[in-house]
Every structure is written in C-alpha cells, then in structure tokens.
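# Summary of the model geometry
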Amino acid sequence: MAKISRTPFNASRMITESISSDKTLLKKSTGNTYFVTAPTAVAINIDYADKGCYYKFIIKKDTEAAITITTPSLVGLMISDNGSIGVIEGAGTTLTIHANAKAGTYVDLVCDGTKWYARGMSSGSEFGIS
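Here we summarise the structure given alongside this text. (Residues numbered from 1 in each chain as written. Predicted model: local features only at pLDDT ≥ 70, side-chain atom pairs only at ≥ 80, totals over all residues. Heavy atoms only, no water.)

## Remarks on the overall build of the chain
We count it as follows: In this description a helix means any DSSP run of H or I spanning at least four residues, a strand means any run of E spanning at least two, and both kinds are numbered starting from the N terminus. Think of it in three bands: with a 1.4 Å probe and only protein chains considered, a residue is buried below 20% of the maximum accessible area for its type, exposed above 50%, and partly exposed in between. Computed with a 1.4 Å probe, the accessible areas rest on the Shrake-Rupley method; for each residue, only the protein chains presented here act as cover.
Looking only at helices and strands, the chain features 0 helices and 10 strands. Starting at the N terminus and ending at the C terminus, the chain contains elements arranged as β-β-β-β-β-β-β-β-β-β. Taking the principal axes of its C-alpha atoms as reference, the chain extends roughly 65 × 35 × 25 Å. Counting only residues that meet the buried cut, the chain has 35% of its 130 residues in that class. Counting only carbon and sulfur atoms, one obtains 54% of the accessible surface of the chain, whose full area is about 7600 Å².

Okay, here's the thing in structure tokens:
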C-alpha cells in the first residue's frame, strides 16, 4: 500500500507579532520576533532579566519616529549606516533606533540573567544607547 505524501512542517517556526504603539513585553513572550512600524514614537519595555530570554525586532517599513527599547540593564554593539558606517557600543538601560531607519533594520536581544545583550544593524539612521 502506498503512503500519502505530506509536506514537512517545521514545528519550530518563529512566532511573529506586530508592534506599532507602546508595548511592555512579558516573560511568556520570550522568543518572539516583532515586526515594528513607527508612524509615531514607539516605546518597548522589557522590565525583567531572566537567563535565556531573547527577542528579535525587525523594522517593517521606514520609520517616521524613534523606537526605544528599555531594559533593566543593557550592553550593545550596533552597526549603523547613517551616511557612513559607524559602530555604536555602550551600556545603559535604553536602546534607541532614531527616525528614518530603513525597513530591514534589526535588533537581537539575549539575556544572561542579569543584563540584556543587543546586536543589530541599521540603514538610514543610527542607534543610541543610554
């Protein structure tokens, strides 16, 4: 008897959501990928530090306003192309993606239990860490 052919399904697909206004992320949403649009300023708050938690943020279309991501503690190494390539590194609690970031700009965040580590690339705008 012949077997029925089935299309393989990847059970570990990324869970995606959209963000276009202020949002506080909870531990239960760790691992999500967020497509962000910013017609006005968007504030994303992560008010916990738990080992192994991670997020990815991707700019869905060119931004018109700034996007800020606030965490309890943050270290980042970001590459920006705002006319010339520059590396922004620093520590603080807030990561800012300034207005005019192009679609495809992204930030990855990973937590070690005490601080969040950020890495990302931007075109058309720069990152700021404070």
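The rest of the description comes next.
## A word on a nonpolar patch on the surface
Keep this limit in mind: Exposure above 30% relative accessible area and the absence of a salt bridge qualify a residue for a patch, where like charges join within 9 Å and nonpolar side chains (Val, Leu, Ile, Met, Phe, Trp, Tyr) within 5 Å. In what follows, salt bridge is the name for a side-chain nitrogen of Lys or Arg lying within 4 Å of a carboxyl oxygen of Asp or Glu.
A surface patch of nonpolar side chains, about 480 Å² in accessible area, is lined by Leu 77, Ile 79, Ile 85, Val 87 and Met 121. If you list the elements that add at least two residues to the nonpolar patch, you get β6 (67–81) and β7 (85–97). As for its position among the elements, Leu 77 is in strand β6.

## Quick word on the pattern of salt bridges
Throughout the structure, instances matching the rule amount to 4 salt bridges. A salt bridge links Lys 56 to Asp 108; its shortest N-O distance comes to 3.2 Å. Of the two residues, Lys 56 is situated in strand β5 (residues 54–59) and Asp 108 in strand β8 (residues 106–111); the sequence distance between them amounts to 52 residues. Looking at Lys 56, the relative accessible area reads 23%, which means it is partly exposed. Of the residues examined, Asp 108 reaches a relative accessible area of 12% and is grouped as buried. The salt bridge partner of Asp 62 is Lys 102, with a shortest N-O separation of 3.8 Å. Linking Asp 62 in the loop between β5 and β6 with Lys 102 in the loop between β7 and β8, this pair joins segments that are 40 residues apart in sequence. A residue is classified by how much of its surface remains accessible, and Asp 62, at 38% relative accessible area, is partly exposed. The partly exposed category is assigned to Lys 102, whose relative accessible area is 39%. Salt bridges linked by common partners bring Lys 56, Asp 108 and Arg 119 together as one network.

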